[in-house]
Amino acid sequence: MTSTVAPPKPPAAAKAAAGAGIALVLVAQLMIVLDAAVVNVALPRIADDLEFTPAALTWVLNGYTLAFGGLLLLGGRLGDVFGRRRMFVAGLSVFTLFSLAGGFAPTDDLLVIARALQGFGAAIAAPQVLALLTTSAKDEAGRARAIALFSAVSSSGASIGLILGGILTDIASWRWTLFINVPIGLVVLALVGRLVAETAPRPGRFDIVGAVTATGGAAAIVWSLIGAPEHGWTSARTLGGIAIGLLLLVALVLTERRVAHPLLQLHLFNSHRRVAAFIAAVGLVGAQFATFYLTVIYLQGVLGMGPLASGLAFLPLTLMIFAMSRVAPRIAARIGMSRVLVLGATGLTASFLWLSTLSETSTYAGAVLAPFLLNGAFASLVFTSTTALGLEGVDAAHAGSASGLVQTMQQLGGSIGLAVIASVYVANGTPGEVVPGMREAFYAAAALGTLGIIASLSVVLRRPSGTPSYVTGRAAVEVD
């Protein structure tokens, strides 16, 4: 009998298939990231339609954030154990299903539940994205480009979400901010099996205690920080929730030292460069998320923009992020990834200080556009460098855990930044007015940005003699 084994694909075809697989996974990543913001500009319409109270309305956003941020470590480990493509498909299926359910939600409670279950699906799928990207690329240059594109998608997701949310809300209905995920999710699910290769699962017992303590600890901290502006930073709810979260994370560390197959790979914290990148991500991503929150308030409350106009106001920032993502790998090749982080942290912090000058008489062209362009240019560098340094030298077997940890730091940073800066804004504001308190809030964003600058400088000043690249599972090359 003649063999029916298909001949190997020629190099050009293999490269094209790898590129298509990377593009497909990045589409899913964009959908997951922007969903945290896509309903933002639609909140007033949602409140009117489903009769949300002001306090309950915040849970349309926070229900998603809480589940997403609290379960990312678990999602990363599930991919390592059971196969990353398999868990990507499972998580994206849940995300798509409850996007549909949320779009049809007839009551406020059901919408919040659907948003939380969307976050659960996103937490399972998102850690697999970065791991699949690094394994789908065919060479070192391809991995560098994939990480740069991942960073561009992640850093621009919130601003794209605001644009898309404004368009859908004005043209159709707020429900389409959720329905839009369904056809995209179905297309990705239909094609992923053909274009993305499965990774080999790592046999071993699943760390149940680690899963409970990691998920519970992260969720408790995120839940406490989300409610801090409303309940107060010194309230029993806030302090008690943070204390419980920290105790659970201490229990996680003690547990992971003893188990054979830990959920959290503690050796990932042995690298000063990686830890510094995590700290920088918490400060800078937190400040960035809060900046979007503040500027949406300003655009709608002072400049009188509606959902569509305020969403489109972020278009220059978004385009600048994608433009800089094209050159970020070349900048890193010239000056080193750690110096890219210093550059990005400094420029992003400068944009926060520039936005602190907004006043009642400011205009979009005169006071918002230029700092938006500055923000977009340097946000891309920050996300590229923190992601690359977070994955630097990680073995392919632990890529899912490392990816989950990188994104956990970004989500925790977003929650911390929004909680801190919203509290500053409220404490210095005047009821019924928009601008009072905004300057102090942007100063707080700049303070978080300064934390990122300090962390990034510590990477440069403590440069080792030979540094592995952001490569998983293959020979390392120096980036600094």
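Quick note: structure is the one above.
Just so it is clear, the model here is predicted, and its values are computed rather than measured.

Chemist: Let's hear about helix H9 (residues 181-195): which residues, and what values?
Modeler: A rise of 1.5 Å per residue sets the reference length of H9, with its 15 residues, at 21 Å; its end C-alpha atoms lie 20 Å apart and thus fit the reference within 8%. All buried positions along H9 are accounted for by Asn181, Val182, Gly185, Val188 and Val192.

Chemist: Quick one: what's the story with helix H2 (residues 43-50), residue by residue and with numbers?
Modeler: Buried within H2 are the following residues: Leu43, Ile46, Ala47 and Leu50. Each buried residue of H2 lies within a common arc of 100 degrees when the element is viewed along its axis, so the set occupies one face. Downstream of H2 by a residue or two, Glu51 has a phi angle that is positive, lying close to 55 degrees.

Chemist: Any chance you could break down the packing of helix H12 (residues 272-301) against helix H18 (residues 438-461) for me, citing the residues and the numbers?
Modeler: Viewed as axis vectors pointing N to C, H12 and H18 meet at an angle of 160 degrees, and their least axial separation amounts to 8 Å. Classified by the interaxial angle, the pair formed by H12 and H18 is roughly antiparallel. As for the relative orientation of H12 and H18, their crossing is left-handed in sense.

Chemist: Account for the pattern of salt bridges, with residues named and values stated.
Modeler: Applying the stated criterion across every chain, the model contains four salt bridges. A salt bridge links Arg115 to Asp35; the shortest N-O distance between them is 2.7 Å. Note that Arg115 is positioned in helix H6 (residues 108-136) and Asp35 in the loop between helix H1 (11-34) and H2, a separation of 80 residues in sequence. A relative accessible area of 1% means that Arg115 is categorised as buried. The partner of Arg45 in a salt bridge is Asp170, with the nearest N and O atoms 3.3 Å apart. With Arg45 in helix H2 and Asp170 in helix H7 (residues 140-171), this pair connects stretches of sequence that are 125 residues apart. On the basis of relative accessibility, which here comes to 37%, the residue Arg45 falls in the partly exposed class. Its relative accessible area of 35% is what places Asp170 among the partly exposed residues.

Chemist: Before we move on, could you go through the layout of surface pockets and cite the residues and values that matter?
Modeler: Here the largest pocket defines a volume of roughly 1,300 Å³. Residue lining of the largest pocket: 44 residues in total, with Asn40, Leu61, Asn62, Tyr293 and Leu418 positioned closest to the centre. Looking at the lining of the largest pocket, the elements with two or more residues in it are H1, H2, helix H3 (54-57), helix H4 (59-82), H7, helix H10 (208-231), H12 and helix H17 (399-428). With 10 residues, H17 is the largest single contributor of residues to the lining of the largest pocket. Taken together, the residues of the lining of the largest pocket sort by class into 28 nonpolar, 14 polar and two charged.

Rules used in this analysis
Residues numbered from 1 in each chain as written. Predicted model: local features only at pLDDT ≥ 70, side-chain atom pairs only at ≥ 80, totals over all residues. Heavy atoms only, no water. Helix = DSSP H or I, 4+ residues; strand = E, 2+ residues; numbered from the N terminus. Expected span 1.5 Å × (residues − 1). Buried < 20%, exposed > 50% of the residue type's maximum accessible area, 1.4 Å probe, protein only. Arc of directions from axis to C-beta. Axes fitted to C-alpha atoms, helices over the stretch in contact; angles between N-to-C directions. Parallel < 35°, antiparallel > 145°, perpendicular 65-115°, else oblique. Left-handed = near helix turned anticlockwise from the far one by under 90°. Salt bridge = Lys/Arg side-chain N within 4 Å of Asp/Glu carboxyl O. 1 Å grid on protein atoms, 1.4 Å probe; cavity = no way out; pocket = protein on both sides within 12 Å on 5 of 7 lines; lining within 4 Å. Points joined across faces, edges and corners; volume = space filled by probe spheres on them. Nonpolar A, V, L, I, M, F, W, Y, C, P; charged D, E, K, R; others polar.

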